[in-house]
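Here is what each chain is made of, one letter per residue.
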Amino acid sequence: MYNAAYFEHAFLAQQMGVELVEGKIFSSTTSSVHCAPRKARRVDVIYRRIDDDFLDPLAFRPDSNLGIPGCSRSTAPGA
């Protein structure tokens, strides 16, 4: 909520009927991402508003507190 575009984020979330959440409440496994603001549940779609470099601190910028650690791991068969 300290982001300069918070109002835009809140408006888009409200219009799309989705929850507005921060990356720190997500967790990931080798096959899925989960969101736990109230109770953990699998996430099917992530609409992100951060630069690529900040998306996954395990893959890109270890100093990022914005992204979801491990979310960029490939889950494709044979990968």
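Residues numbered from 1 in each chain as written. Predicted model: local features only at pLDDT ≥ 70, side-chain atom pairs only at ≥ 80, totals over all residues. Heavy atoms only, no water.

Chemist: What is the right way to read the overall build of the chain from this model?
Modeler: Assigned secondary structure in the chain consists of 1 helix and 3 strands. For the chain, the sequential pattern of α-helices and β-strands runs α-β-β-β. Burial analysis of the chain (79 residues in total) assigns 19% to the buried set. Taking the contacts inside the chain whose residues are at least 6 apart along the sequence as the reference set, 27% of them involve residues at least 24 apart. Just so you have it, the chain exposes about 6,200 Å², and 54% of that area is on carbon and sulfur atoms. (Helix = DSSP H or I, 4+ residues; strand = E, 2+ residues; numbered from the N terminus. Buried < 20%, exposed > 50% of the residue type's maximum accessible area, 1.4 Å probe, protein only. Contact = heavy atoms within 4.5 Å. Areas by Shrake-Rupley, 256 points an atom, 1.4 Å probe, with all protein chains shown as cover.)

Chemist: Explain the environment of Arg 48 here, please?
Modeler: With respect to the secondary-structure elements, Arg 48 resides in the segment after strand S3 (41-43). It is 9.3 Å that separates the C-alpha atoms of Arg 48 and Gly 67, two residues lying 19 residues apart in sequence.

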